[in-house]
Amino acid sequence: MNSKKAMLIGIVVFIIIAILFVVPGISIFQKWDIQLLKLVNSSRTPGMTEFLTSFTTTFKTVPTVVALICIFYGFIFRKSRLVAKGAILMTTFTSALFFKDILKLIFTRPRPFVTYDFINNLAAPTNFSFPSGHTTSAFAAAFIFSFLFPRQKILCGLFFIWAIIVAYSRPYMGVHYFTDVLGGIFYVLFYSGLIYYGCSKTILKKAKS
């Protein structure tokens, strides 16, 4: 998928999700959201709970390590383009988290365990729910990595598998609706496409191999 198509799909689907599930007085499918969350909430196992509560904490660590490896390797072997790609990866997921906080304040969606007392939450974040911050970070990193390194199919696949597990951990833990996760995914599909499109015309165009 090219960056222009990513931007279009991302923004359109994000708006649709917000209207149908999130915006008060307009959303008409909220009951589906909570029913799916209840199903996952009641299907926990001790082993899966232990795994996901640990795995979810990698949402910043993994992209940070990957970005630093790119930057370090690029400096050592004088590959300025690789340094630039590492910096873009780091900048994309960190700035996506900043703008995610603005979106949370715009939509002010309460956490599911705040609205529904039958949701058993494994953590108690105090900010708003939509979109999911962990999902935002993980998928921003996965999307921009796939734009920056399109030939690295295996690494891209591993990045997306990691991001999917991080995303799933959030409703599993009872701290997000599934549409919070989907909102985060399509928000950063748009955002990552926008960043890559801008960088491909400027920073990456000037950087040497």
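Residues numbered from 1 in each chain as written. Predicted model: local features only at pLDDT ≥ 70, side-chain atom pairs only at ≥ 80, totals over all residues. Heavy atoms only, no water.

A. Summary view of the environment of V166. For V166, the location among the structural elements is in helix α8 (residues 153-172). Judged by relative accessible area, V166 falls into the buried class, the value being 0%. Distance in space between the C-alpha atoms of V166 and F29 is 24 Å, their sequence separation being 137 residues. (Helix = DSSP H or I, 4+ residues; strand = E, 2+ residues; numbered from the N terminus. Buried < 20%, exposed > 50% of the residue type's maximum accessible area, 1.4 Å probe, protein only.)

B. Structural view of the side chain of S95. Positionally, S95 belongs in helix α5 (residues 80-107). Its relative accessible area of 16% is what places S95 among the buried residues. Only 3.2 Å separates the side chain of S95 from the backbone oxygen of T92, close enough to count as a polar contact. Here S95 is in contact with Y187 and Y191, once residues within four sequence places are set aside. (Polar contact = N/O pair within 3.5 Å; in protein donor to acceptor, adjacent residues only side chain to side chain. Contact = heavy atoms within 4.5 Å.)

C. Highlighting α5. Between its terminal C-alpha atoms α5 stretches 40 Å, which fits the 40 Å expected from 28 residues at 1.5 Å a residue. One or two residues past the end of α5 sits T108, with phi positive at roughly 45°. (Expected span 1.5 Å × (residues − 1).)

D. Local environment of unusual backbone geometry. Of the consecutive residues F130 and P131, the connecting peptide bond is found in the cis state with omega at -5°. Its location among the elements puts P131 in the loop between α6 (112-115) and α7 (133-148). Located in the positive-phi region is R78, a residue other than glycine, with phi close to 55°. Tracing the chain through its elements places R78 in the loop between α4 (61-76) and α5. According to the relative accessible area criterion, R78 is exposed, its value standing at 78%.

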